[in-house]
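Per-entry structural report
Next come the chains, spelled out residue by residue.
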Amino acid sequence: MRLNFARSAAMLAIVAASASATSVKAEDVEVLHWWTAGGEAAALNVLKENLQDQGIGWQDMPVAGGGGEQAMTVLRARVTGGNPPAAVQMLGFDITDWAKEGALANLNDIAAEEGWDEVVPSALQKFSKYDGEWVAAPVNVHSTNWVWANKSILDELGIEQPETWDELVAAMDKVKASGKTAVAHGGQAWQDATIFDAVVMATGGPEFYQASMVDLDPEALGSDTMKEVFDRMTVIRGYVDDNFSGRDWNLASAMVINDEAAFQFMGDWAKGEFLKAGLTPGEDFLCFRFPGTQDQVTFNSDQFAFFQQGDEPTPEQAALAKAIMSPEFQSAFNVVKGSVPARTDVSDEAFDACGKKGMADLAAASESGNLFGSMAHGHANPASVKNAMYDVITAQFNGEYDSETATEELVTAVQIAQ
Ligand code: BGC
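The numbering scheme is per chain: residues are counted from 1 as the chain's sequence reads. Since the coordinates come from a predicted model, pLDDT governs what is reported: local features require at least 70, and pairs of side-chain atoms require 80 or more to be given and counted, while whole-chain, interface and lining totals use all residues. To get the side-chain values, all heavy atoms of the structure are used, and hydrogens and water are removed first.

Some words on the side chain of Thr 144
Going along the chain from the N terminus, every DSSP run of H or I of four or more residues is numbered as a helix, and every run of E of two or more is numbered as a strand. For Thr 144, the location among the structural elements is in the loop between strand E7 (142-143) and strand E8 (146-150). A polar contact of 3.0 Å, which involves the side chain of Thr 144, links it to the side chain of Asp 197. Pairs of N or O atoms are called polar contacts if they sit within 3.5 Å, as long as, within protein, a hydrogen donor faces a hydrogen acceptor (for residues adjacent in sequence, only side-chain-to-side-chain pairs). At a separation of 2.7 Å, a polar atom in the side chain of Thr 144 contacts the side chain of Thr 298. Contact definition: two residues touch when any of their heavy atoms are within 4.5 Å. With residues up to four places along the chain from it excluded, the contact list for Thr 144 reads Thr 194, Asp 197, Met 266, Gly 267, Trp 269, Thr 298, Asn 300, Ser 374 and His 377.

What follows is the structure, encoded as structure tokens:
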């Protein structure tokens, strides 16, 4: 009897020790993300410091690769292995896909307590919520239809900010003739697709973007307008340097920063790189909308989703969600990241000229029905369709298909992927 008691006391001690070991470990929050470029890491530090100030340790799980494709592959492996990270950076339809699988923690109580319903724009709530339940906390709004330009190259060559496709082509011509690279680009599928977002919008306008990229209307996908989109992608390809294949997006930004190239067509995370390099908008670099898309915004929003670790979000998950959504944090973080706040009640005071423009453009586009989810960044369709589009866009950009074949392939690929 005594022996038994002693034995079970010892066992209890072991159980207690392992429980306390678990709870010590649980004070760290593991965060899977793809913010590995200089500007991205600087923004991430704002979040890390916020949590550290609350006594919560940060367990970093970075997966390099812009756009997050590799991160999503690693995530799938972690979940399949029964070991999901506590918090994950995610885009649009990926959130919906995980929510459908029932894997995400329900944030309703935190959202109600903090009044998220009132301050998060409905375009974002579409992805932050699944079946009426909050499943993710949006940290920002990025948009993809931007041009980042080297001001001194433009001034030297007497190039005005291009407002139309023809003016853009004339500008790219001048730069090429000067011996500099006109378009800094990294040949990776998601980067090709980021340019494609803008070219679809510029060529066909908002209704065409909606029909082809969002509604996947086979007529729009297979139209002459789409063929013209591919023709324009070929034109852009002609202004990219020979070493573009596989280059990371931030190295392409560096070409503009270092006076090697005039333009980069990229989302506003590029601004994070310019700022990190100590450059000032309006003085050293220009930010403007891709010619022909001045009134439109193709957006994507980084959100944090929390994998279930019990019935309720853990205290650390809750603390991270609250930190992300605080107005002060949304200002501090997005000033560094290049994006704009995911709440409607944050002042633009702390933001530079590009950030102020980004906030004003977003509000105006939302008001006028010109706000669209970015295809390239998972806000127009689920990953299966997005990846099918990527394949065709990249093959065409690299000369494997002519425009006509690419248009046909796009229709077929999208049909199969649905
Ligand atoms: C994300 C950005 C990120 C970019 C490049 C986008 O999909 O939304 O936060 O900076 O990819 O990595």
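Still more to cover.
Structural notes on the packing of aromatic side chains
Each pair of aromatic rings is reported with the distance of its centres and the angle of its planes. Side-chain rings of Phe, Tyr and Trp (the six-membered ring for Trp) are treated as a pair once their centres are within 6.5 Å; stacked means planes under 30 degrees apart, edge-to-face means over 60, and tilted covers the remaining angles. Per the stated rule, a full pass over the model turns up 15 aromatic pairs. A centroid spacing of 5.2 Å and a plane angle of 80° characterise the contact between Trp 116 and Trp 134, whose relative ring orientation is edge-to-face. Pair noted here: Trp 116 is in helix H6 (residues 116-119) and Trp 134 is in strand E5 (residues 133-134), with a separation of 18 residues, a long-range link. Relative accessibility thresholds used throughout: buried, under 20% of the residue-type maximum; exposed, over 50%; partly exposed, between the two (1.4 Å probe, protein chains only). Exposure remark for Trp 116: the relative accessible area of 0% places this residue in the buried category. Where Trp 148 meets Phe 285, the ring centres are 6.3 Å apart and the plane angle is 45°; that geometry is what we call tilted. Pair noted here: Trp 148 is in strand E8 and Phe 285 is in strand E11 (residues 285-289), with a separation of 137 residues, a long-range link. For the pair shown, Trp 148 and Phe 285 are each scored as buried. Taken together through their ring pairs, the aromatic side chains of Trp 35, Phe 304, Phe 329 and Phe 333 make up a single cluster. In this structure, Lys 176 is placed above the aromatic ring of Tyr 239, and the distance from its NZ or CZ to the ring centre is 5.5 Å. The cationic tip of Arg 289 hangs over the ring face of Trp 146; the distance from NZ or CZ to the ring centre is 3.8 Å. For a ring to carry a charge above it, either NZ of a lysine or CZ of an arginine must fall within 6 Å of the ring centroid while also lying within 35 degrees of the normal to the ring plane.

Structural notes on the domain arrangement of the protein chain
The split of the chain into domains comes from an automatic or database domain assignment. You can read the domains of the protein chain as domain 1 (28-141 + 300-362) and domain 2 (143-298 + 372-417). For domain 1 versus domain 2, the distance between C-alpha centres works out to 26 Å. Contacts between the two partners involve 30 residues from domain 1, matched on the other side by 31 residues from domain 2. When two components associate, each loses some accessible surface as probed by a 1.4 Å sphere; the sum of these losses over both components is called the buried area. Buried area between domain 1 and domain 2, summed over both chains or domains, comes out near 2,400 Å², and the portion from carbon and sulfur atoms is 59%. We define a salt bridge as a contact between a side-chain nitrogen of Lys or Arg and a carboxyl oxygen of Asp or Glu at a distance within 4 Å. There are two salt bridges connecting domain 1 and domain 2. Residue Asp 361 pairs with Arg 289 through a salt bridge whose shortest N-O separation is 2.8 Å. Contributions of two or more residues to the side of domain 1 that touches domain 2 are made by helix H2 (38-53), helix H4 (92-100), helix H16 (327-337) and helix H17 (353-367). Broken down by element, the residue count for the side of domain 1 that touches domain 2 peaks at seven residues, all from H17. Split by residue class, the side of domain 1 that touches domain 2 holds 11 nonpolar, 11 polar and eight charged. Gly is put with the polar residues, along with every residue not named as nonpolar or charged; the nonpolar set is Ala, Val, Leu, Ile, Met, Phe, Trp, Tyr, Cys and Pro, and the charged set is Asp, Glu, Lys and Arg.

Topic: the sheet that holds strand E1 (residues 28-33)
Two strands form a pair only when DSSP identifies at least two bridges running between them. Pairing in this open sheet of five strands is mixed, and the strands run E2-E1-E3-E13-E6 from one edge to the other. A strand with exactly one partner marks an edge of an open sheet, and here the two such strands are strand E2 (57-62) and strand E6 (136-138). Adjacent strand axes in the sheet meet at a mean angle of 30° when their direction is disregarded. Here an axis means a line fitted to C-alpha atoms, over the contact stretch when the element is a helix, while the angle between two N-to-C directions is reported on a 0 to 180 degree scale. Helix-sheet contacts for helix H3 (residues 69-80) involve E1, E2 and strand E3 (87-91), and the interaxial angle to E3 is about 135°. The sheet contacts of helix H15 (residues 315-325) involve E1, E3, E6 and strand E13 (302-306), and relative to E6 the element is tilted by about 25°.

Observations concerning the state of the cysteines
Disulfides are defined as pairs of cysteine sulfur atoms found within 2.5 Å of each other. Under the criterion given, the structure shown has one disulfide. The side chain of Cys 287 participates in a disulfide bridge whose partner is Cys 354; the two sulfur atoms lie 2.2 Å from each other. The sign of the S-S torsion, about -110°, decides the handedness of the disulfide formed by Cys 287 and Cys 354: left-handed. Highlighted residues: Cys 287 in strand E11 and Cys 354 in helix H17, separated in sequence by 67 residues. With respect to class, Cys 287 is no different from Cys 354; both count as buried.

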